Every structure is written in structure tokens, then in C-alpha cells.
Amino acid sequence: MRLSRLPLNTLKEVPADAEVISHQLMLRAGLIRKLASGLYSWLPLGLRVLQKIERVVREEMNRAGAFELLMPSVQPAELWQESERWNQYGPELLRFKDRHQRDFCYGPTHEEVITDIARRELKSYKQLPVNYYQIQTKFRDEIRPRYGVMRAREFIMKDAYSFHLDQESLDAGYQAMFEAYSIIFTRLGLRFRTVQADSGAIGGNASQEFHVLADCGEDTIVFSDGDDYAANLEMAEALPPPAGKKKPGADMQLVDTPAVRSIAELCSFLNTDPGHCIKTLLVDAEDGGLVALVLRGDHELNVFKAEKIPGVREPLTMATADKVRENIGCEPGFIGPFDLPCPIHADHSAAALVDFVCGANETDKHRVNVNWGRDVPDCVSADLRNVIDGDPSPTGKGTLSIARGIEVGHIFKLGDKYSSMMNAQVLDADGKNRAMLMGCYGIGITRIAAAAIEQNHDQRGIIWPPAMAPFDVALIPINQHKSDRVRDAADQLYAELDAMGLQVLVDDRNARPGVKFADMDLIGIPHRVVVAEKGLDAGTFEYKNRRDDEPRHLSIDELKDLLGSSQTGT
RNA sequence: CGGGGCAUAGCGCAGCUUGGUAGCGCGUCUGCUUUGGGAGCAGAAGGUCGGGGGUUCGAAUCCCUCUGCCCCGACCA
């Protein structure tokens with residue numbers, strides 16, 4: 001490809017509304033342009049990246065035995081009413097009517113459509129298992145789109161759906177996808193972790209996410225240094241502290257703490273630390289009353305875990321200040337586990353404290369040297385909090401670390417949720433109708449491009465992993481417009497590399513060398529070859545990998561060997 | 001949804017307080033010079049100042065309104 005013909009505009013300045021590095025670089029390198037909030041056009045250079053990602057995904061999905069199909073992005077409401085998701089899904093589902101006033105939505109996912117296909121096409125257990133996949137545009141009307149294509153409203157996703165007669169087959173199909181995903185993300189050159197996840201709104205039971213580790217990631221993931229345990233923060237189990245309580249010390253005292261509401265204020269006022277305080281959170285109960293949740297001052301409530309506590313209303317709702325005053329008789333901020341008119345659940349760590357500080361259930365007062373059993377009744381303890389860095393791993397091996405991750409893949413065992421509701425059955429070997437079991441498996445194609453940049457960039461620009469680079473080789477002739485030798489040598493080298501199957505971008509613009517170097521560095525092509533008079537005199541080409549600091553001077557054979565051996569495979 | 005901010009040339013910004021008919025840098029185009037890390041000189045094109053309404057002799061500037069975009073928050077106990 002000749003750069004002089006490629007419609008590419010690079011930017012020196014960073015567009016004002018790009019916050020994270022991948023968004024900035026994608027705009028500067030001319031990969032994408034914003035059309036509206038959460039909607040992006042992919043320009044020719046950017047589309048090449050997407051196509052490289054798609055190629056790897058297709059190859060591995062096909063290798064795993066899945067079959068590609070293509071479903072409409074626009075879907076009729078009837079299917080969503082059948083699965084009851086027309087009502088369950090919130091405003092994230094983009095709904096609209098056609099000219100006949102019939103309801104449709106722009107598909108955020110395709111469980112309904114594929115289940116409809118399956119119930120029409122699959123009649124016999126002999127046709128199972130089968131795995132269909134597509135690479136399709138989706139739309140989710142996100143509350144707050146951000147970070148460019150990382151959290152866009154319209155995005156491209158590879159989604160796959162497998163159908164099985166029994167659990168054993170589903171387990172095997174799920175495992176095959178797990179392995180295919182690991183190969184895909186490895187081939188794409190991403191540093192990733194798989195984590196146990198909540199299966200959330202889509203339904204079903206087992207579920208794992210694939211996260212690319214990056215500081216700007218929107219998900220918090222937890223992993224152990226002792227084994228391969230990894231989980232979403234919401235799923236990570238906090239172990240009770242080791243048994244062996246210390247004996248209570250001094251007697252409980254009431255202290256004045258005027259206008260001291262937060263744990264931080266309390267600690268500086270009383271000169272103590274959050275680990276010796278407890279906070280008592282009141283949340284709404286299912287029966288309209290309250291439930292008290294007690295945590296250590298340095299811990300955070302885990303909403304997901306709290307919603308599992310019997311009696312707690314879902315979704316978890318904090319009691320209003322008015323409700324606190326009415327039921328407890330004090331301002332929020334001064335609540336303690338004394339004589340509360342509701343059930344009390346303490347986190348394991350809070351339940352293990354001795355001589356702690358807590359609210360007195362009187363405005364502007366706290367109590368110190370409080371002890372369970374002695375000053376307040378013992379209560380049931382449970383795992384209610386988010387794990388923190390340094391907690392022991394729930395597997396008993398190693399300690400936990402917390403990192404940010406970008407979710408690029410997610411696999412689920414859906415079971416019969418959709419097939420039952422939508423009547424997707426096959427005849428089994430006994431001639432009986434059975435609901436098929438389903439798995440579903442997603443990969444965020446567009447998000448991968450951004451995630452890769454978050455992991456692979458420097459001050460000069462993007463450093464594409466070879467498998468998703470828009471071109472393999474950047475060929476830079478120096479002063480070609482006034483040196484026939486340089487131009488001819490570049491043309492010939494271009495032809496030879498092209499014949500080897502390499503995708504070469506030659507910068508044939510009449511530009512100064514600095515401009516060419518800067519642009520090629522910005523757009524992140526893995527290999528750079530410079531053709532100049534100096535090198536031709538010496539019989540060499542100048543080669544530099546995008547990650548190298550200094551170039552090397554190679555003969556044509558050395559160059560071809562090096563580039564040939566680096567090819568990512570076809 | 002709640003809170004805050006922004007909207008002036010393709011991009012980044014100034015001008016607004018104190019009203020007088022729009023400017024800087026980058027980019028783009030032309031010419032000459034230059035050519036190993038985002039060149040220099042000279043010239044040029046490009047703007048409904050987000051939309052609508054109002055105040056005024058006169059509005060980018062003041063007022064009202066609409067729209068778009070960005071950021072923060074949704075665990076204070």
C-alpha cells in the first residue's frame with residue numbers, strides 16, 4: 001500500500017475529549033472518528049485492525065468446530081416478549097417502531113434470535129451439539145459511554161451460542177470455548193486473566209470472564225499470587241480472620257463526637273484507625289423494615305454479597321436519612337449495633353474485633369472499647385465485604401492482589417433458560433422432547449483494539465501486537481523523490497516483501513524523514529525498514545522493530561529471513 | 001437519573017468581565033528553498049461564533065430557551 005494513496009490524517013495534538021491513552025492514540029493515528037456520543041466510524045487504517053482481530057477469532061472459532069452465521073441486528077419485540085426480557089431489560093435496550101407501528105429493538109445480544117433459529121432448525125439429538133457464531137454490530141444504550149470504543153454504545157461483538165442435549169455435552173462445549181478463547185487472546189498478544197464471574201442479567205450459572213489487565217479498566221479483578229485463583233471483585237470471597245479472639249480490655253465509654261460522621265473524621269477525632277472502628281449500615285428489608293450490616297471501618301460493603309443476605313431487599317437500597325431518624329432516633333453517621341429494631345448481620349472481620357469504636361445511636365456521640373457479647377449481643381457473621389489487597393486467598397494459597405481489567409471475553413453456561421421459555425426442544429434417543437441446554441460466548445472485537453493499545457504503547461504512539469497490526473512492515477524511502485536509486489530499491493524491496501505475503505506500507509510521500517518516522521511510530525507498525533543512499537552504498541537496509549531503540553543494518557537476505565520468521569501465520 | 005463544565009475555522013485554543021461586526025498555533029492549498037526525527041520564507045483558502053428567541057442603533061460578548069458534547073457521582077453511616 002502506498003501511503004500517498006491511503007486516506008490517512010494523523011493528528012499532532014490530542015483531541016480535547018479523549019481521556020484515556022487508547023482513545024487519544026486511536027484518534028491521533030487516524031483509526032477512528034466520533035460521529036456522536038458512543039458512536040464511532042472506523043477509518044480504513046482502523047478497519048484493517050478490526051479485520052485482523054476478526055481473522056484470528058474466526059480461525060479459532062472454526063478450529064473449535066463452531067459455524068459462522070449472521071443474524072439481523074434489528075429484532076422483533078415478539079421474541080423478546082417470549083423470553084420476558086422486553087420488560088426486564090431497562091433503557092439500555094434501544095426500542096423503536098417501524099412504519100406499521102410494530103415494536104422492534106436494535107439487538108444488544110442475540111440469545112432470542114439464535115434460540116428461535118435453533119428451535120426451527122434443530123429437531124433431533126443427532127444434530128447436537130452445535131455451536132453457531134457471528135460477528136455482528138450490537139447496540140447498548142449505555143448510561144455513560146466513555147473511553148472511545150472501550151465503552152461505546154454501538155460496537156462489534158463476536159457472539160457464539162452452543163446447543164446441547166445434556167449437561168455433560170454443555171460442559172465439554174464450554175470447556176472447548178474456554179480453550180479457544182485462551183488461544184485467541186494469546187495469539188492477539190494480550191496479557192489477560194480469566195476470572196470467575198457473576199452471570200448477571202443474562203442468566204444461567206457458570207461463567208468466566210477474560211480480562212485484559214490495564215489501569216484504565218472498568219472492572220476490578222482479584223487474583224492470588226499463590227495459585228491461579230482469580231475472580232471479579234464482587235465474587236471474591238473474603239475469609240474470616242484466624243480464630244483466637246483477644247480478651248476485651250477497658251470498659252465501654254460514651255464519648256462526644258460532635259458532627260463527626262465519616263470513619264475518616266472519626267479516626268482523626270479519636271486518634272484511632274479505621275481497622276478498630278465499625279460502621280453500621282442500614283439497608284431496606286424485603287418486608288419494608290430495615291436490616292443492619294456491620295463492617296470494619298476500613299472495609300467496603302459488597303453489594304452482591306449483601307443482596308444474598310436473607311431479608312435484604314433487592315436491589316440493595318440504603319435507608320434514607322429520614323428512615324434512620326424515625327427508626328433509630330439519631331442522625332445517620334452515629335449508628336451502632338445497640339438494641340437495633342432490626343436483624344443485624346456482621347461481616348466476619350467486624351465480628352472478630354475487640355475494643356472497637358462505633359456509633360452510639362445518639363446524634364454526636366460514639367462509643368469506644370465496645371465488645372461483642374459484653375456490650376452488644378453477638379450476632380451472626382457472614383462474608384459481606386469486598387476483599388482488599390493483601391487478604392488471604394480463599395483457596396488457602398497465597399495472598400490476593402487487586403488490579404483493573406478490561407473485559408474482552410465472557411463465557412456462560414446458560415442451561416435451559418431460553419430454550420425452556422422459547423420451547424426449543426429436540427427429540428432424544430427415547431423419542432422424548434427435551435429442552436436443549438445452551439452456552440453463550442462473547443468477545444468484544446472493537447474493545448480489543450482499544451485494550452491492546454492500553455497495553456502496548458509508548459510516548460511515540462501505538463505498538464501493535466503483530467497479529468493485529470494494520471500492516472506488517474513500514475517501508476520508508478529517504479529522499480526518494482530525488483534519488484532514483486532509493487526509489488528503485490524501495491520498489492524492488494516492496495515487491496519482494498509483498499511476494500513473501502507481508503503487508504507493507506511504503507511511505508512514498510514527498511515528506512521529510514522526521515515526518516515519516518513520526519507517523520509510522522504513531523500508527524504502530526511492528527517492523528520498520530529504511531531505504532537510503534547511505535545504506536545502498538553499504539549494501540544494507542536499516543531495520544528497526546517498533547519496540548527497539550536502535551536500528552540494525554541488515555543485508556537483503558538477513559532482512560528477509562528476519563521478516564519471514566516473524567510472520568504471524570496465515 | 002443527580003451534580004458540574006463546555007460549545008468560536010478540520011484539530012487545539014484566545015476574544016466574552018467592560019457590546020462596535022473575529023484572531024493565534026497546528027493542519028490544508030500555491031510558489032521558492034530545505035530533506036535522517038513532526039523544516040523556513042512568502043502568499044492563500046477556510047467561520048450560520050451550536051440552534052431559536054429577546055434586549056440594543058449595534059450581540060461571539062448581556063438575558064431566556066432548546067440541543068449537543070465532556071467530566072464527576074449513584075456505600076455518608
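The rules behind these values
Residues numbered from 1 in each chain as written. Chains lettered and ligands numbered in written order. Predicted model: local features only at pLDDT ≥ 70, side-chain atom pairs only at ≥ 80, totals over all residues. Heavy atoms only, no water. Salt bridge = Lys/Arg side-chain N within 4 Å of Asp/Glu carboxyl O. Helix = DSSP H or I, 4+ residues; strand = E, 2+ residues; numbered from the N terminus. Buried < 20%, exposed > 50% of the residue type's maximum accessible area, 1.4 Å probe, protein only. 1 Å grid on protein atoms, 1.4 Å probe; cavity = no way out; pocket = protein on both sides within 12 Å on 5 of 7 lines; lining within 4 Å. Points joined across faces, edges and corners; volume = space filled by probe spheres on them. Nonpolar A, V, L, I, M, F, W, Y, C, P; charged D, E, K, R; others polar. Polar contact = N/O pair within 3.5 Å; in protein donor to acceptor, adjacent residues only side chain to side chain. Contact = heavy atoms within 4.5 Å. Pairing = 2+ DSSP bridges. Domains from an automatic or database assignment. Axes fitted to C-alpha atoms, helices over the stretch in contact; angles between N-to-C directions.

### Re the pattern of salt bridges
Now for step 1: Across all of its chains, the model carries 40 salt bridges by this definition.
Now for step 2: Asp383 is paired through a salt bridge with Lys305; the nearest N and O atoms lie 3.0 Å apart. Highlighted residues: Asp383 in the loop between β19 (380-382) and β20 (400-415) and Lys305 in helix α8 (residues 303-306), separated in sequence by 78 residues.
Now for step 3: Residue class for Asp383 comes out buried when judged on its relative accessible area of 19%.

### A closer look at empty space enclosed by the protein
A probe as big as a water molecule, rolled over the atoms, marks out the empty space that is left.
Now for step 1: Per the counting criterion, the structure on display carries 1 cavity of 30 Å³ or more.
Now for step 2: Size it by volume and the largest cavity reaches roughly 40 Å³.
Now for step 3: For the lining of the largest cavity, the secondary-structure elements that each account for two or more residues are α14 (513-523) and β29 (541-545).
Now for step 4: Its residues assigned to classes, the lining of the largest cavity comprises 3 nonpolar, 1 polar and 4 charged.

### Regarding the side chain of Thr446
Now for step 1: Relative to the helices and strands, Thr446 resides in helix α12 (residues 445-455).
Now for step 2: A distance of 3.1 Å separates a polar side-chain atom of Thr446 from the backbone nitrogen of Ile156.
Now for step 3: Not counting residues up to four positions away in its chain, the partners in contact with Thr446 are Trp42, Leu50, Val149, Phe155 and Ile156.

### Thoughts on the pairing of strand β2 (residues 39-42)
Now for step 1: Where strand β1 (residues 32-36) lies against β2, 4 bridges are found, and the strand directions are antiparallel. Across the sheet, Ile32 pairs through a bridge with Trp42, a residue of β2.
Now for step 2: Where β1 folds back onto β2 in an antiparallel hairpin, the turn is made up of 2 residues, including Gly38, whose phi is positive at roughly 75°.

### Focus on the domain arrangement of chain A
Now for step 1: On domain assignment, one finds that chain A holds domain 1 (44-72 + 110-236 + 402-453), domain 2 (253-382) and domain 3 (467-565).
Now for step 2: Of note, the centres of domain 2 and domain 3, computed from C-alpha atoms alone, are 66 Å apart.

### As for the pairing of β29
Now for step 1: In terms of burial, β29 is largely enclosed, as 5 of its 5 residues are buried.
Now for step 2: Of the two faces of β29, both are covered, the one formed by Phe541, Tyr543 and Asn545 as well as the one formed by Glu542 and Lys544.
Now for step 3: Pairing of strand β28 (residues 527-531) with β29, which is carried by 4 bridges, proceeds in the antiparallel orientation. Each bridged residue has a counterpart across the sheet, and for Arg528 the counterpart in β29 is Lys544.
Now for step 4: Following β29, the chain reverses through 6 residues before pairing antiparallel with strand β30 (residues 552-554).

### Side note on the sheet that holds strand β26 (residues 473-477)
Now for step 1: Strand order in this open sheet of 5 strands is β27-β26-β28-β29-β30, and the pairing throughout is mixed. The open sheet is flanked by β27 (504-506) and β30, the only strands paired with a single partner. Adjacent strand axes in the sheet meet at a mean angle of 30°, parallel and antiparallel pairs treated alike.
Now for step 2: Packing of helix α13 (residues 484-499) onto the sheet brings it into contact with β26, β27, β28 and β29, and relative to β26 it is tilted by some 165°.
Now for step 3: Docked against the sheet, helix α16 (residues 556-565) engages β26, β28, β29 and β30, running at close to 110° with respect to β30.

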